[in-house]
Amino acid sequence: MSELIQLVIGGLSLGSMYALIALGFVVVYKSTGVLNFAQGGLVLCGAYFCYALRNALGLPFALAVLLAVLGTALVAVLIERVVMRRMIGKPVFAVIMITWGLLIILEQVPAAVWGYDLLALGDPWGMGMAGIGGVQVLEVDLWTLGVGAAVMLAVYLFFARSRWGLAMRASALDQEAAMAQGVSPGLVFALAWAIAGVIAALAGVMLSGGVRGLSPELSLIALRAFPAIILGGMDSPVGAVVGGLAIGVAEVLTASYVAQHAPFLGQNFHLVMPYLLMTAFLLVRPYGMFGTKAVGRG
Amino acid sequence: MAAPHPQPLLVLDDVEAVYGGSILALRGISLNVPANGIVALLGANGAGKTTVLRSISGLLSWHRGRVSRGRIAYDGADIAGLGGAALVRRGIAQVMEGRRIFGELTIEENLRMGAFTRRDGAETRRTLDQVLEQFPILRERFAQPAGYLSGGQQQMLAIGRAMMARPRLLLLDEPSLGLAPIIVKQIREVIRHIAAGGVSVMLVEQNADMALSLADYGYILESGRIALEGPGPVLKENPMIRELYLGIVGAQEAEIASSGEGRR
Ligand SMILES: Nc1ncnc2c1ncn2[C@@H]1O[C@H](COP(=O)(O)OP(=O)(O)OP(=O)(O)O)[C@@H](O)[C@H]1O
Ligand SMILES: [Mg+2]
């Protein structure tokens, strides 16, 4: 039983980061209509910024995280201003390929500088364990869960309560009508990418902290957030969160089950699990759990 | 200033507008909106009525269009090239053709969007109270998605949303479009009330009867040019207008009158 709780907490921790990555994707998609495959690149960007600031400059970890978050938001806004802004009105496929290209660039830069070795992020968690109610869990998992929950709450409050959050929702529904109320589409786009950057950076830091370590492979982890997006429905923030958590738990439980009972499936079978879930799910509900039909078809 | 007449709030001087660099939609429009009163802009489909409003409210850019010649002065200053936010803040609000309310947002949120550029909390709340007083149905269904409202109620919301900006100039694009005569009559009263409150109104309509019965002055647009202009009552008696616009409206007029009688 306690092992199951351990596994579920680990799965929720991983899943909450999938959820964040998916959330960033959904925010950009709803606000700008762009399917942003570079989201995983922003995750890498945040993690390597943090690594560089911590290890090259020797900044305290919290400060390094803060600056990495701001830096990644800046990179995201620059991508929007310099590249994506020119792609408005261009064919969807061309826009997708551009974001794919950006992903590859964002992967290659840190690989060229730091190589493919697993690096220690320099976080305070290390291998530390914490006991809750007799169950031993990784400290980094608890922190990850906490950060994930805090970010989700902040994103929710921003969109539900704030003036700009409301403006972004209105703009997603009818951009011209929002413009007629004085909402600048350019600011909405920039804000959406900045939010995606902030979320991605935090996910990047948490996903490479503690026992996990940092390498360019991180973008593969980010890629596994895609099934979460499909599962939840591409235009649904709630779907992104639920889909992310579901996939995280499924992946961790599968890893443990396969290792114990079905080793013949291979060591990395759990990495396929998100895609299996996605495929099975798409057959039943093509527009995701919470998605809008038109989006699923579009 | 020793001007014989007070300065108009809005002046369009020889305005030409193009879409996509080549489609000429306005071919030199000159018109005035006085600081107080209702001006009607009439014309057939595609005459350029909406384009006139877009060139005033800054929405042309969204349609890849621009003012390619001429001058637009509001309150004495050139407003060409100002962004939507700056224009709304200066007091220009537009009710777009087809209402364009945010259907998935609540009525409250729609109204809050109308006040997007305002940062004066207490004053905004006072405006909200005024709007809700003028449109009781909006208060009744304050927390419901705006998409649940009927067409006429949505038009009221669209007008209420624009009033949340506390405009000095209200641009209305075919507010009677697709609405039953009785609702059209209500909207006519709403517009009269707004104008009486000191807001200048520029009313775009195909319902010439409704517009000319409200307007102090009217312009008839044809293929991007002003074909005719004059005081509302004079235009209403103009034989060409009677034939082109009011001929088809005649039947509606009777309908409005009869449904008006049935009202409690
Ligand atoms: N977004 C656009 N892109 C290109 N051309 C446009 C656009 N909008 C309008 N036009 C053209 O500009 C001209 C004027 O159109 P506009 O919409 O201003 O007419 P209107 O008088 O408002 O018509 P309606 O009564 O149908 O609303 C038309 O020839 C139209 O085809
Ligand atoms: Mg029109």
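As annotated in an unreviewed UniProt entry, chain B carries the name ABC transporter ATP-binding protein and comes from Xanthobacter tagetidis. Recorded in UniProt under Sequence similarities (unreviewed entry), the annotation for chain B is "Belongs to the ABC transporter superfamily."

Looking at an unreviewed UniProt entry, one finds chain A named Branched-chain amino acid ABC transporter permease and attributed to Xanthobacter tagetidis. Under the UniProt heading Sequence similarities (unreviewed entry), the entry covering chain A gives this text: "Belongs to the binding-protein-dependent transport system permease family. LivHM subfamily." As its UniProt record puts it under Subcellular location (unreviewed entry), chain A is described as follows: "Cell membrane".

Q: Report on unusual backbone geometry, specifying residues and quantitative values.
A: All names here are of chain B. With a phi close to 55°, Arg-100 is a non-glycine residue in the positive phi region. Of note in this structure, Arg-166 is not a glycine but carries a positive phi near 50°. On the secondary structure map, Arg-166 appears in the loop between α6 (151-163) and β7 (169-173). Judged by its relative accessible area of 46%, Arg-166 is partly exposed.

Q: Lay out the sheet that holds strand β4 (residues 65-74) of chain B with the relevant residues and their values.
A: Overall, antiparallel pairing links the four strands, which are arranged β2-β1-β4-β5 (chain B) in an open sheet. Only two strands of the sheet have a single partner each, and these edge strands are β2 (23-33) and β5 (77-78) of chain B.

Q: So what's going on with helix α3 (residues 61-83) of chain A? Which residues, and what values?
A: Residue and element names in this part refer to chain A. The terminal C-alpha atoms of α3 lie 32 Å apart, and with 23 residues this matches the ideal 33 Å at 1.5 Å per residue to within 8%. All buried positions along α3 are accounted for by Phe-61, Ala-64, Val-65, Ala-68, Val-69, Gly-71, Thr-72, Ala-73, Ala-76, Ile-79 and Glu-80. Buried positions along α3 lie against α2 (39-55), α4 (92-114) and α8 (185-207).

Q: Please give an account of the sheet that holds strand β8 (residues 200-205) of chain B that cites residues and values.
A: Residue and element names in this part refer to chain B. With mixed pairing, the six strands of this open sheet are ordered in space as β6-β7-β8-β3-β9-β10. The open sheet has two free edges, formed respectively by β6 (92-95) and β10 (225-231), since each of these has just one partner strand. Adjacent strand axes in the sheet meet at a mean angle of 15°, parallel and antiparallel pairs treated alike. Looking at chain direction, β6 and β7 are connected through four bridges and run parallel. Note on β7: the bridge partner recorded for Val-95 is Leu-172. Against the sheet, helix α1 (residues 49-57) engages β3 (38-43), β6, β7, β8 and β9 (217-222), with an angle of about 150° to β7. Where α6 meets the sheet, it contacts β6 and β7, and its direction lies at approximately 170° from that of β6.

Q: Describe in detail the side chain of B:Ser57, supporting the description with residues and values.
A: Summarising the element assignment, B:Ser57 is placed in helix α1. For B:Ser57, a relative accessible area of 9% corresponds to the buried category.

Q: Which residues make up the packing of aromatic side chains, and what values do they have?
A: Residues and elements named next belong to chain A. Applying the stated criterion across every chain, the model contains ten aromatic pairs over all chains. Ring plane angle 80° and centroid distance 5.2 Å describe the contact between Phe-25 and Phe-226, whose orientation is recorded as edge-to-face. Of this pair, Phe-25 sits in helix α1 (residues 2-32) while Phe-226 sits in helix α10 (residues 226-232), placing them 201 residues apart in sequence. The two residues Phe-25 and Phe-226 agree in class, both being buried. Judged by centre distance (5.3 Å) and plane angle (20°), the ring pair of Tyr-48 and Trp-114 falls under stacked. Of this pair, Tyr-48 sits in helix α2 while Trp-114 sits in helix α4; the two residues are 66 residues apart in sequence, bridging distant segments of the chain. Classification of Tyr-48 as buried rests on a relative accessible area of 3%. Each residue in the set Phe-25, Phe-37, Trp-100 and Phe-226 is aromatic and connected to the rest through ring pairs, giving one cluster.

The rules behind these values
Residues numbered from 1 in each chain as written. Chains lettered and ligands numbered in written order. Predicted model: local features only at pLDDT ≥ 70, side-chain atom pairs only at ≥ 80, totals over all residues. Heavy atoms only, no water. UniProt positions renumbered as here; feature names shortened; annotations may be inferred. Helix = DSSP H or I, 4+ residues; strand = E, 2+ residues; numbered from the N terminus. Buried < 20%, exposed > 50% of the residue type's maximum accessible area, 1.4 Å probe, protein only. Pairing = 2+ DSSP bridges. Expected span 1.5 Å × (residues − 1). Contact = heavy atoms within 4.5 Å. Axes fitted to C-alpha atoms, helices over the stretch in contact; angles between N-to-C directions. Phe/Tyr/Trp six-rings, centres within 6.5 Å; stacked < 30°, edge-to-face > 60°.

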